[in-house]
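So you can see what is in the structure, the chains are spelled out below.
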Amino acid sequence: MVRIQAGVLALVGALIGGIGLFVMTAWLLIKGGSQVGAHLQLLGQYFIGYSVTWKGSLVGLFYGALTGGSAGWAVGTVYNWIVGIRQG
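Here goes a summary of the coordinates provided. (Residues numbered from 1 in each chain as written. Predicted model: local features only at pLDDT ≥ 70, side-chain atom pairs only at ≥ 80, totals over all residues. Heavy atoms only, no water.)

A word on the packing of aromatic side chains. Scanning the entire structure with this criterion turns up 2 aromatic pairs. Ring geometry for F47 against Y63: centres 4.9 Å apart, planes inclined by 10°, an arrangement best described as stacked. Pair noted here: F47 is in the loop between α1 (6-31) and α2 (54-87) and Y63 is in helix α2, with a separation of 16 residues, a long-range link. When sorted by exposure, F47 lands in the same class as Y63, which is buried. Members of the aromatic cluster, each reached through a chain of ring pairs, are F47, F62 and Y63. (Phe/Tyr/Trp six-rings, centres within 6.5 Å; stacked < 30°, edge-to-face > 60°. Helix = DSSP H or I, 4+ residues; strand = E, 2+ residues; numbered from the N terminus. Buried < 20%, exposed > 50% of the residue type's maximum accessible area, 1.4 Å probe, protein only.)

Attention now moves to α1. The end-to-end C-alpha distance of α1, which contains 26 residues, comes to 37 Å, matching closely the 38 Å that a straight helix rising 1.5 Å per residue would cover. For α1, the full list of buried residues reads A6, A10, G13, A14, G18, L21, T25 and A26. Once α1 ends, the next one or two residues include G32, with phi positive near 75°. (Expected span 1.5 Å × (residues − 1).)

A cluster of nonpolar side chains, namely L11, L15, I19, V23, L58 and L61, defines an oily patch on the protein surface of about 550 Å² accessible area. Mapped onto the nonpolar patch, the elements with two or more residues apiece are α1 and α2. Within the secondary structure, L15 sits in helix α1. When its relative accessible area of 47% is taken as the criterion, L15 is described as partly exposed. (Patch = residues over 30% accessible without salt bridge, like charges linked within 9 Å, V, L, I, M, F, W, Y side chains within 5 Å. Areas by Shrake-Rupley, 256 points an atom, 1.4 Å probe, with all protein chains shown as cover. Salt bridge = Lys/Arg side-chain N within 4 Å of Asp/Glu carboxyl O.)

Closest axis-to-axis distance for the α1/α2 pair is 6 Å, and the angle between their directions is 150°. Between α1 and α2, the interaxial angle falls into the category roughly antiparallel. The two elements α1 and α2 cross, and the hand of that crossing is right-handed. (Axes fitted to C-alpha atoms, helices over the stretch in contact; angles between N-to-C directions. Parallel < 35°, antiparallel > 145°, perpendicular 65-115°, else oblique. Left-handed = near helix turned anticlockwise from the far one by under 90°.)

Shown next as structure tokens:
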């Protein structure tokens, strides 16, 4: 079995998470409406400072990158640990 480079997986996760949350927020702002992003607004409970605004989209970019990067690194590290045990 081949090991994963956890740093590269963290970078990819950070890019997907950060850009993804930024684009979702921007899409809702451009789309507009009477109650913009009611469900996405709930992320403000976890990500301090996040809201469905243009400033919030930049905050979401940071938090999305941080969360995606952490998840990518954790998955890569656990996978490599399991591969190490199996190759034993």
